[in-house]
Amino acid sequence: MVDSVVRLWQKYYYVFFNGLWGTLWLSAVSVLAATVVGALLALMKLSKIRVLDMIVNGFMAVIRGTPILLQLYFFWLLLPKIVPFEMSDTACIVVALIVNASSYVAEVIRAGIQAVDSGQTEAAKSLGMSSVNTMTRIVLPQAIKNILPALGNQYIMMVKQTSLASVFFVPELMTSYKTVQSATFLALPSLIIVGVIYFVVTTVLTKGLDIFERRLQRSER
Amino acid sequence: MSDNRVLIRVENLHKSFGELKVLKDITEEIREGEVVTIIGPSGSGKSTFLRCLNMLEKPNGGKVIFEDVDLSDKKVNIVKHRQKIGMVFQLFNVFPHLTVLENITIAPTLEKKVPKEAARKKAVELLERVGLLDKKDEYPSRLSGGQKQRLAIVRALAMEPDVILFDEPTSALDPEMVGEVLDVIKDLAQSGMTIVIVTHEMGFAREVSDRIIFMDDGQIAEQGTPEELFKNAKNPRTAEFLSMVL
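Residues numbered from 1 in each chain as written. Chains lettered and ligands numbered in written order. Predicted model: local features only at pLDDT ≥ 70, side-chain atom pairs only at ≥ 80, totals over all residues. Heavy atoms only, no water.

## Details of the pairing of strand β8 (residues 194–198) of chain B
Residue and element names in this part refer to chain B. Extensive coverage of β8 is indicated by the burial of 5 of its 5 residues. Neither face of β8 is open: one carries Thr-194, Val-196 and Val-198, the other Ile-195 and Ile-197, and all of them are buried. The sheet contact formed by strand β3 (residues 35–39) and β8 spans 4 bridges and is parallel. Opposite Val-36, over in β8, you have Val-196 as the bridge partner. Bridge count between strand β7 (residues 163–167) and β8: 5 bridges; the pairing is parallel. What sits directly across from Ile-164, in β8, is Ile-195. Running through helix α6 (residues 175–190), the crossover from β7 to the neighbouring parallel element β8 is right-handed. (Buried < 20%, exposed > 50% of the residue type's maximum accessible area, 1.4 Å probe, protein only. Helix = DSSP H or I, 4+ residues; strand = E, 2+ residues; numbered from the N terminus. Pairing = 2+ DSSP bridges. Right-handed = clockwise from strand over helix to strand, strands pointing away.)

What follows is the structure in structure tokens.
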């Protein structure tokens, strides 16, 4: 077994590397975009505008109440029909991944912000600080510490979820497994290779987030 | 004192939390330079009354007129007016992610555009005044309760407010730290600062107050000089309350 894994790697490593590259950029794009969109959704939810809150709540309920694979199919089918320009499978899947993740990111950020003691907001207000300064200078810096660990978990989950894109043959790691597997019929060895690569990526990410978090704690105690 | 100009005028103030009526038609004046203490049983609305003065609680009815501006008016930019109304909280609410010095300078530099250097200089002066200068670069987690509260007081002072509201400033402190905080407030009172304070420290109230307001069941049941209230309360509820706490 070890032998066939090694031989497969030697012959097809470039396929796996291509797949890894696909996974990395899919993850990077969806993590970044989902963080921005998620933060906006969280602010909408925290705003005092009733309608915004209701819209976001409805959106989040649907996203959380349906499987991610279904959502991928949905956007893959829907988007090419409604956008006035050509949209690749990959683009549709990226959009779907972002939409899905932003809902979870929003919840993490909202919870982190609300976990900051309301006395902090009151103190800032009583000093005559504007709501923007209160949020950016007092609440958010404290919320980050609540948000970051949960957000890190979310990011790692997102990296793993990009594997679902293989259903649509979007080039990424899991798709490279399919490619090698159908060329060689060596299913298990190629699966092991892909599994090891995923594991290395998520472990590096976990460690990186750990270090970042610890540095943050140290600067603020 | 009664000749000084009126700083805060409260007119027919009402406040409810859901069904519960917390403040029932309160009318009151605070004059410049006055030290007013609010006492009363818990749940009588003291803190809510105080928090209505800077709109941390929005009244359901009535007016809070501060320096001729009705703060309850939705068109008023409350942020600007709050800069002149300092507040000190029971649980300190110092900013844990900022150093002692930054706690003091953040509001003046951001909101009043005081240059960083000037704000620092002023903060250092204030810290010296309350004996915290050696802590200026520490984070609040390294301070005792009494030190945190002294920090909270000078943080409010750094905005150069016209009045400071104290909401049970010593209730969360260990007994041995109450004195150091009360001393700072006493100093402040003697310097002519207008002060409204909710407290259970009756000895302190008696010593520093120009006027004591006794609140009961969302209303002002009685008020007068410490002498009047402590020696011969007219309202039986006041007498009963005082006999219990003294």
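## Concerning the pairing of strand β10 (residues 219–224) of chain B
All names here are of chain B. Summarising the sheet, strand β9 (residues 211–216) and β10 pair through 5 bridges and their orientation is antiparallel. The residue bridging Phe-214 from the neighbouring strand is Glu-222, located in β10. Hairpin remark: β9 followed by β10, antiparallel, with 2 residues in the connecting loop; positive phi at Asp-217, about 55 degrees.

## Side note on the sheet that holds strand β5 (residues 69–70) of chain B
Residue and element names in this part refer to chain B. As summarised here, the arrangement of the 4 strands in space is β2-β1-β4-β5, forming an open sheet in which the pairing is antiparallel. In the strand order of this sheet, the two ends are held by β2 (20–31) and β5, each with one partner. Where strand β1 (residues 6–17) meets β2, 9 bridges bridge the pair, whose relative direction is antiparallel. Within β2, the position partnered with Arg-9 by the bridge is Glu-29.

## With respect to the environment of A:Pro80
Residue and element names in this part refer to chain A. Tracing the backbone through its elements, the reader meets Pro-80 in helix α3 (residues 68–82). Looking at Pro-80, the relative accessible area reads 38%, which means it is partly exposed. Among residues more than four places away in sequence, those in contact with Pro-80 are Phe-75 and Cys-92. (Contact = heavy atoms within 4.5 Å.)

## Details of the interface of chain A and chain B
Across the contact, 20 residues belong to chain A and 24 residues belong to chain B. Taken together, the connections running from chain A to chain B amount to 1 salt bridge. Of the charged contacts in the structure, one is a salt bridge between B:Arg51 and A:Glu122, with a shortest N-O distance of 2.6 Å. The interface formed by chain A and chain B holds 8 residue pairs in polar contact (both at pLDDT 80 or more) in total. Counting only elements with at least two residues in the side of chain A that touches chain B, the list comes to α5 (118–126), α6 (131–161) and α8 (187–220) of chain A. With 7 residues, the single largest contributor to the side of chain A that touches chain B is α5(A). Residues of the side of chain A that touches chain B, tallied by class, amount to 6 nonpolar, 8 polar and 6 charged. (Salt bridge = Lys/Arg side-chain N within 4 Å of Asp/Glu carboxyl O. Polar contact = N/O pair within 3.5 Å; in protein donor to acceptor, adjacent residues only side chain to side chain. Nonpolar A, V, L, I, M, F, W, Y, C, P; charged D, E, K, R; others polar.)

## Some points on the nonpolar core
Residue and element names in this part refer to chain B. Grouped together as the largest cluster of nonpolar side chains are 40 residues, with contacts concentrated most on Ile-8, Phe-49 and Leu-53. Not counting residues within four places of it along the chain, the set of residues in contact with Leu-53 comprises Ile-8, Val-10, Val-64, Leu-71, Ile-85, Leu-165 and Val-196. Among the nonpolar cores identified, the runner-up in size contains 36 residues, and Val-88, Val-154, Met-193 and Phe-204 belong to it. (Core = buried A, V, L, I, M, F, W, Y, C linked by side-chain atoms within 4.5 Å.)

## Considerations on a nonpolar patch on the surface
Residue and element names in this part refer to chain A. A grouping of Met-1, Leu-188, Leu-191, Ile-192, Val-196, Val-200 and Val-204 is seen on the molecular surface, where their side chains present a nonpolar patch of about 610 Å² in accessible area. Examined against the element boundaries, Ile-192 turns out to sit in helix α8. Residue classification places Ile-192 among the partly exposed residues on the basis of a relative accessible area of 35%. (Patch = residues over 30% accessible without salt bridge, like charges linked within 9 Å, V, L, I, M, F, W, Y side chains within 5 Å. Areas by Shrake-Rupley, 256 points an atom, 1.4 Å probe, with all protein chains shown as cover.)

## What about the packing of helix α1 (residues 2–46) of chain A against helix α2 (residues 50–65) of chain A?
Residue and element names in this part refer to chain A. As a packed pair, α1 and α2 sit with axes 7 Å apart at the nearest point and diverge in direction by 130 degrees. It follows from the interaxial angle that α1 and α2 lie oblique. When you trace α1 past α2, the crossing you get is left-handed. In this structure, α1 contributes Leu-41, Met-44 and Lys-45 to the contact, and α2 contributes Leu-52, Asp-53, Val-56, Asn-57, Phe-59 and Met-60. (Axes fitted to C-alpha atoms, helices over the stretch in contact; angles between N-to-C directions. Parallel < 35°, antiparallel > 145°, perpendicular 65-115°, else oblique. Left-handed = near helix turned anticlockwise from the far one by under 90°.)

## Points about α2(A)
Residues and elements named next belong to chain A. Along its 16 residues, α2 runs 22 Å from first to last C-alpha, staying within 8% of the 22 Å computed at 1.5 Å per residue. Among all positions in α2, only Val-56, Met-60 and Ile-63 are buried. Projection of α2 onto a plane perpendicular to its axis shows the buried side chains occupying an angular sector of 65 degrees, all on one side. In α2, the exposed positions that point more than 90 degrees away from the buried face belong to Arg-50, Val-51, Met-54, Ile-55, Val-62 and Gly-65. Buried positions along α2 lie against α1, α3 and α4 (89–114). (Expected span 1.5 Å × (residues − 1). Arc of directions from axis to C-beta.)

## Looking at the pattern of salt bridges
Residue and element names in this part refer to chain B. Taken as a whole and assessed by the stated rule, the structure comprises 22 salt bridges over all chains. The salt bridge partner of Arg-31 is Glu-29, with a shortest N-O separation of 3.5 Å. Looking at Glu-29, the relative accessible area reads 26%, which means it is partly exposed. Bridged by salt links that share partners, the residues Arg-5, Glu-32, Glu-67 and Lys-84 form one connected network.

## Digging into the environment of A:Leu79
All names here are of chain A. Looking at the secondary structure, you find Leu-79 in helix α3. Each C-alpha atom of the pair Leu-79 and Ile-93 lies 9.7 Å from the other, and the pair is 14 residues apart in sequence. Not counting residues within four places of it along the chain, the set of residues in contact with Leu-79 comprises Met-87, Cys-92 and Val-95.

## Quick notes on a positive patch on the surface
Taken together, the side chains of A:Lys48, A:Lys125, B:Lys58 and B:Lys74 make up a positively charged region of the molecular surface. If you trace the backbone, B:Lys74 turns up in the loop between β5 and α2 (78–82). (Lys, Arg positive; Asp, Glu negative; His and termini not counted. Charge placed at Lys NZ, Arg CZ, Asp CG, Glu CD.)

## Observations concerning helix α4 (residues 116–129) of chain B
Residues and elements named next belong to chain B. Given a rise of 1.5 Å per residue, 14 residues ought to cover 20 Å, and the 20 Å separating the end C-alpha atoms of α4 matches this to within 8%. Buried residues of α4: Ala-119, Ala-123, Leu-126 and Leu-127, and no others. Within α4, the buried residues cover an arc of 100 degrees as seen down the axis, which keeps them to one side. Those residues of α4 that are exposed and aimed more than 90 degrees away from the buried face are Glu-117, Lys-121 and Glu-128. Elements in contact with the buried residues of α4: α3 (100–111) and α5 (145–157). Just beyond α4, the residue with positive phi is Gly-131, at close to 70 degrees.

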